[in-house]
Amino acid sequence: MNAFLMQCKMEIIRVFRNPYFIFWTLFMPILFYFIFTRLVSSSYPDNDLWNAHYLMSMTTFAVMGSSIMIFGIRLVQEKIQGWTTFMKITPLPSWAYFTSKMIGQTAVHLFIIIVIFLAGVLINGVSLPLSQWILSGLWILLAALPFLAIGNLVGSMKRVETASGVSNFIYLGLAILGGMWFPMDIFPTLMQQIAEWLPSFHFGNGAWMIIRGEFPEWNSYVVLIAYLILLMALSILIRRKQQAY
Amino acid sequence: MEQTIQLNDVTKTFGKTTAVNNVSFTIEKGKTIAILGPNGAGKSTTIGMMLGLLDPTEGEISLFGKSPKDLAFKDKVGAMLQDVHLVDKLKVHEIIKLFRSYYSSPLSMEELIAATGLKQEDLNKWADKLSGGQKRRVGFALALAGDPDILFFDEPTVGLDISARQHFWERVENLKAKGKTIIFSTHYLQEADDYSDHIILFNKGNIIADGKPDDIKRQIANKNVSFVSGDPNIMAKLETLPIVISCYEKEGRIYAVTEDTDELLSFIIKNNLDAKDFFIQQIRLEEVFEYLTMDQKESVS
């Protein structure tokens, strides 16, 4: 147990010491938030609603980046540096190694959520009922799982360059198509229809519903859980194939 | 608890290549064993299987009666592997602390810091930013973190300068004195000869000799008969004889390694084989090893 807690602690420390982490998951989203709520006038009639809506967009955007890019690329790095192999000769069970990474990642996500929410309060004085702060935070924390599964898949790649290119592409693609950068209603109908099938849209949409005093729609749960199962199955398949070589 | 490490008919194949071919050996507790062989002989694969990193395609491995995958076994094992870089974003003392937490009865922080031989200021550096030699010292300390009974060192001295090498073997001598079972691989004959109680000589995935360094010298370093021949098939003819261990050609002469030079000579003469200008020599282990390594280089190019 001691080993497991220590492993979690070190995983968290390592993420926070990563400059890419600070840039992609805190600096960029907060900068975007500032630009799109203060400098560019929105088409939204209700300014307070827009400020809260876009705060959710940027928080989900940040957590998604941390899950796909930071997590995925680190997995590849540890693998090619032989560290993953080295861990296997220690008595730390492999489930503990993997779980501690997930817990570390979740702790980091909690930190991201708190910081960006605070930025929203400071920049625009966003004010929501406590229940909505907590619910939207919880939603972002839990609904990040399918994206961690994407990161895990990225982690099965053999080279950091490939992993970083592919994850960047997926990350930015999902963010734009899922309506995290620009609200969905300004998109043409076809793109809105595509978004309905993307995990990023449903990730954001759950939070957008919560700050409107509603609950995430049932199809958001279905799509996100379906992606999670699919991606996990795919990852098991790939790893089995890699081991068999 | 059983007192031996045993490999029984262990084979490992990767696709169509056979890295380790049907090897068996026994290692007694408290001994220092050298797995000696040229590059690509199957040394690392064998160590990988003993550590539970690779599953044997066939055969069984038992380490003091336990499976290599047994967590209780891993609690008492330490290793330095090839191509392992220290994890990034952690300081040296943090990695040591982390590793101590994995084991049920770790060595103290002070002992492990002493094992690295690093200065206080270096302990606060990023582990992945240390020099090659310093990283190896940290790796050595990590191998000791759990106060292991068995230690594996895979090619521990490759790339180290002479003084670092000496320093490493001094530390190994200390571990030997404490009764640890030590298994190291090397392609330096001298190291195997100097620091092990027992050598297992690998070539192309096969064990070609297994015994105490002196016995191996006797066993391998047999006599040879060398001669000049115009018959291109003569090596093939001689290799069919049970008394001939191996044949090779060097600088225009055919060398036949044998345990019985008289018998071999009488065979050549009785069968009227095309051979002249005979020499009988005692070969040294170094020469056999050089021959093996040379053979390896040829097959690579």
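Shown above is the structure to which this text applies.
The rules we used
- Residues numbered from 1 in each chain as written.
- Chains lettered and ligands numbered in written order.
- Predicted model: local features only at pLDDT ≥ 70, side-chain atom pairs only at ≥ 80, totals over all residues.
- Heavy atoms only, no water.
- Helix = DSSP H or I, 4+ residues; strand = E, 2+ residues; numbered from the N terminus.
- Expected span 1.5 Å × (residues − 1).
- Bend = angle between axes of the 7 residues up to and from the residue.
- Buried < 20%, exposed > 50% of the residue type's maximum accessible area, 1.4 Å probe, protein only.
- Polar contact = N/O pair within 3.5 Å; in protein donor to acceptor, adjacent residues only side chain to side chain.
- 1 Å grid on protein atoms, 1.4 Å probe; cavity = no way out; pocket = protein on both sides within 12 Å on 5 of 7 lines; lining within 4 Å.
- Points joined across faces, edges and corners; volume = space filled by probe spheres on them.
- Nonpolar A, V, L, I, M, F, W, Y, C, P; charged D, E, K, R; others polar.
- Axes fitted to C-alpha atoms, helices over the stretch in contact; angles between N-to-C directions.
- Parallel < 35°, antiparallel > 145°, perpendicular 65-115°, else oblique.
- Left-handed = near helix turned anticlockwise from the far one by under 90°.
- Contact = heavy atoms within 4.5 Å.
- Core = buried A, V, L, I, M, F, W, Y, C linked by side-chain atoms within 4.5 Å.
- Pairing = 2+ DSSP bridges.
- Buried area = accessible area lost by both parts, 1.4 Å probe.
- Salt bridge = Lys/Arg side-chain N within 4 Å of Asp/Glu carboxyl O.
- Phe/Tyr/Trp six-rings, centres within 6.5 Å; stacked < 30°, edge-to-face > 60°.
- Right-handed = clockwise from strand over helix to strand, strands pointing away.

Draft legend 1. Structural detail: helix H3 (residues 47-80) of chain A. Residues and elements named next belong to chain A. The first and last C-alpha atoms of H3 sit 48 Å apart over 34 residues, in line with the 50 Å expected at 1.5 Å per residue. In the structure, H3 departs most strongly from a straight axis at serine 66, where the bend amounts to approximately 30°. Among the 34 residues of H3, 28 are classified as buried, and the element is accordingly described as predominantly covered. Two to three positions downstream of the cap, the backbone nitrogen of aspartate 48 sits 3.1 Å from a side-chain oxygen, assigning the N-cap of H3 to aspartate 46. Following H3 by one or two positions, glycine 82 adopts a phi angle in the positive range, close to 80°.

Draft legend 2. Region of interest: the layout of surface pockets. Residues and elements named next belong to chain B. Here the second largest pocket defines a volume of roughly 410 Å³. Along the wall of the second largest pocket there are 18 residues; nearest its centre are Leu81, Gln82, Asp83, Val84 and Arg136. When contributions to the lining of the second largest pocket are tallied by element, the ones reaching two or more residues are strand S5 (77-80) and helix H6 (132-144). With 5 residues, H6 is the single largest residue contributor to the lining of the second largest pocket. Of the residues assigned to the lining of the second largest pocket, the class counts are 9 nonpolar, 4 polar and 5 charged.

Draft legend 3. Looking closely at the packing of helix H1 (residues 2-16) of chain A against helix H3 (residues 92-102) of chain B. Between H1(A) and H3(B), the shortest axis-to-axis distance is 8 Å and the interhelical angle comes to 155°. If you check the angle between H1(A) and H3(B), you find them roughly antiparallel. H3(B) is crossed by H1(A), and the crossing has left-handed handedness. Note on element contacts: H3(B) touches H1(A) through Glu94(B), Lys97(B), Leu98(B), Ser101(B) and Tyr102(B), opposite Asn2(A), Ala3(A), Met6(A), Gln7(A), Lys9(A) and Met10(A). In terms of residue class, the contact of H1(A) with H3(B) is made up of 5 nonpolar, 3 polar and 3 charged.

Draft legend 4. Up close: the nonpolar core. One finds Trp83(A), Phe152(B) and Phe153(B) to be the most contacted residues of the largest nonpolar core, which totals 82 residues. Non-local contacts of Trp83(A), meaning those with residues more than four positions away in its chain, are made with Glu78(A), Tyr97(A), Val84(B), His85(B), Leu86(B), Val87(B), Ile95(B), Phe99(B) and Leu142(B). Among the nonpolar cores identified, the runner-up in size contains 62 residues, and Val15(A), Phe21(A), Met180(A) and Leu228(A) belong to it.

Draft legend 5. Quick look at the sheet that holds strand S12 (residues 253-258) of chain B. All names here are of chain B. With antiparallel pairing, 4 strands are arranged side by side in an open sheet as S11-S12-S10-S13. Among the strands making up the open sheet, the edge pair consists of strand S11 (244-250) and strand S13 (276-282). Ignoring which end each strand starts from, the neighbouring axes of this sheet average 20° apart. As defined by bridge partners, strand S10 (residues 223-228) adjoins S13 across 5 bridges and the pair is classed as antiparallel. Bridge pairing links lysine 223 to glutamine 282 in S13.

Draft legend 6. Summary view of the interface of chain B and chain A. On the side of chain A, 26 residues touch chain B, which itself brings 28 residues to the contact. For the pair chain B and chain A, the summed buried area comes to about 2,600 Å², and 69% of that belongs to carbon and sulfur atoms. A per-residue breakdown of the area chain B buries against chain A is headed by Val87(B), Lys89(B) and Tyr102(B), which together make up 23% of the total. The interface formed by chain B and chain A contains 2 salt bridges. Joining chain B to chain A, the criterion identifies 6 residue pairs in polar contact (both at pLDDT 80 or more). Mapped by element, the contributors of at least two residues to the side of chain B that touches chain A are helix H2 (71-74) and H3 of chain B. Tallying contributions element by element places H3(B) first for the side of chain B that touches chain A, with 7 residues.

Draft legend 7. Region of interest: the packing of H3(A) against helix H7 (residues 145-154) of chain A. Residue and element names in this part refer to chain A. The geometry of H3 relative to H7 is characterised by a closest axis approach of 7 Å and an angle of 25° between their N-to-C directions. The angle between H3 and H7 places the two elements in the roughly parallel class. Crossing handedness for the pair H3 and H7: right-handed. From H3, Met64, Ser67, Ile68, Phe71, Gly72, Ile73, Leu75 and Val76 reach across to H7, where they touch Phe147, Leu148, Ile150, Gly151, Asn152 and Val154.

Draft legend 8. Representation of the packing of aromatic side chains in the model. Residues and elements named next belong to chain A. Per the stated rule, a full pass over the model turns up 31 aromatic pairs over all chains. Taking 5.0 Å as the distance between ring centres and 50° as the angle between the ring planes, the aromatic pair formed by phenylalanine 117 and tryptophan 133 counts as tilted. Of this pair, phenylalanine 117 sits in helix H5 (residues 94-124) while tryptophan 133 sits in helix H6 (residues 130-142), and the two are 16 residues apart along the sequence. Among the residues examined, phenylalanine 117 registers a relative accessible area of 8% and is labelled buried. By relative accessible area, which is 17% here, tryptophan 133 ends up buried.

Draft legend 9. Representation of the pairing of strand S6 (residues 150-154) of chain B. Residues and elements named next belong to chain B. Judged by how many residues are buried, S6 sits mostly within the fold: 5 of 5 residues are covered. Going residue by residue along S6, you find Ile150, Phe152 and Asp154 tucked away on one face and Leu151 and Phe153 tucked away on the opposite face as well. Taken together, the 4 bridges between S5 and S6 define a ladder with parallel strand orientation. Counted as the bridge partner of valine 77 is isoleucine 150 from S6. Note that S6 and strand S7 (residues 181-186) share 5 bridges and pair parallel. Within S7, the residue paired with isoleucine 150 across the bridge is threonine 181. Note that the unit made of S6, helix H7 (residues 162-177) and S7 has a crossover that is right-handed.

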